[in-house]
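# Structural characterization, general
The primary structure of each chain is shown beneath.
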Amino acid sequence: MRRSFTVALERYGYRVRAAADGLAGLELFRDGDRDNGSGSGGGSGSGSDDDGFDLLILDVMLPGLDGIGLCRRVRETSLVPILMMSARGDGLDIVAGLEAGADDYVVKPVDTYVLVARIRSLLRRATYAPSAAGAGRAAGEEPAPSEGDLLVFGDLTLDTAGLEVFVSGSPVALTPTELKLLLEFAAHPGVVLERHTLLRNVWEYGWDGDSRVVDLCVQRLRRKLGRDRIETVRGFGYKLRR
C-alpha cells in the first residue's frame, strides 16, 4: 500500500519520502527538519526545494508508533500540515487523530484523485500561512500597528497582513488550518457560520464532509485563544464573539 501511494503521488509530481513504521517516520521527519534548519517543517507527500517537508500523511495503523502517537510527537515542535489516513473509518480513530492535531483525514481505500485533492487543499492553506504564527516576537510584546491590518476582539489581536495572532499581547502559534478557520470567523464577527459553510470555505470540500473536522479544530482554537472566544450556537454552528 505504501509503495502504491508513493508511485501514484510521484505521478502527480510530488516528491515523496516514506517510512515503514511510526518510529522510522519520526526519525525521517526529524532528519528533514534538521536539514531544513527551520524547526517547524516536516512531512511526506509533497516535494520542496530543500530537505524539509511540506506535508505529512500518517496512517493510523502504523506499527511501532501509531499515526496518532506520531501526530502528537510532530505537533510538539511543528505546525506542518498533517493528513491522517484510517483504514477503518472508525469514529474514535478519526476523533483521536484530529484531537492530536491532524488537519484533515481520509478513509482507505481512497481514490488517488480524492487524496490529491485533499493534499492540494492543505498545501494551499499552508502557502499563505507562516510556519509559526508570531515567530520572532518576545512574549508580551505588542504587535506593531498597521492601519487596516489589525483586527481586535477583546484580548485577541489578529494581524491579517503578517498572519500573526496574539492573545493579551503574547504570540499564539496556529497551524495553517487553525489560522484559516480563525480568519474565516474574523471576516464575519458576530455572524453564525454553519459547519457546511466552514467545510466549504476552509477545508474546500466540494461535497458534504464530516463536520467533526470543524468541531475538533474549533476545540483546538479554544484551547489556544480562550474557551469563550468562539461561541457555539446549538443547531446552527459557531460565531466569533466581538
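Below you will find a few notes about this structure. (Residues numbered from 1 in each chain as written. Predicted model: local features only at pLDDT ≥ 70, side-chain atom pairs only at ≥ 80, totals over all residues. Heavy atoms only, no water.)

### Let's talk about the sheet that holds strand 1 (residues 56–59)
Going by this rule: If DSSP finds at least two bridges between two strands, the strands pair. Each helix is a run of H or I in the DSSP string that is no shorter than four residues. Each strand is a run of E no shorter than two, and both are numbered from the N terminus. For every element, the axis is a line fit to its C-alpha atoms; helices are fit only across the contacting stretch, and the angle between N-to-C directions ranges from 0 to 180 degrees.
One open sheet accounts for 3 strands, arranged 1-2-3; its pairing is parallel. The open sheet is flanked by strand 1 and strand 3 (104–107), the only strands paired with a single partner. Each adjacent strand pair in this sheet contributes to an overall mean axis angle of 25°, direction not counted. In the sheet, strand 1 pairs with strand 2 (residues 82–86) via 4 bridges, with the strands oriented parallel. Of the residues in strand 2, the one forming a bridge with Leu 58 is Met 84.

### Concerning the packing of helix 6 (residues 176–186) against helix 8 (residues 212–225)
What counts here: By the definition adopted for this analysis, an angle is roughly parallel if under 35 degrees, roughly antiparallel if over 145, roughly perpendicular if from 65 to 115, and oblique otherwise. Every residue pair with non-hydrogen atoms within 4.5 Å of one another is taken to be in contact. Each residue is assigned to one of three groups, with Ala, Val, Leu, Ile, Met, Phe, Trp, Tyr, Cys and Pro labelled nonpolar, Asp, Glu, Lys and Arg labelled charged, and all others, Gly among them, labelled polar.
Running from amino to carboxyl end, helix 6 crosses helix 8 at an angle of 85°, the nearest separation of the two axes being 10 Å. Here helix 6 lies roughly perpendicular to helix 8, going by the angle between them. On helix 8, the residues touching Thr 177, Glu 178, Leu 181, Leu 182 and Phe 185 of helix 6 are Cys 217, Val 218, Arg 220, Leu 221, Lys 224 and Leu 225. Partitioned by chemical class, the residues of the contact of helix 6 with helix 8 number 7 nonpolar, 1 polar and 3 charged.

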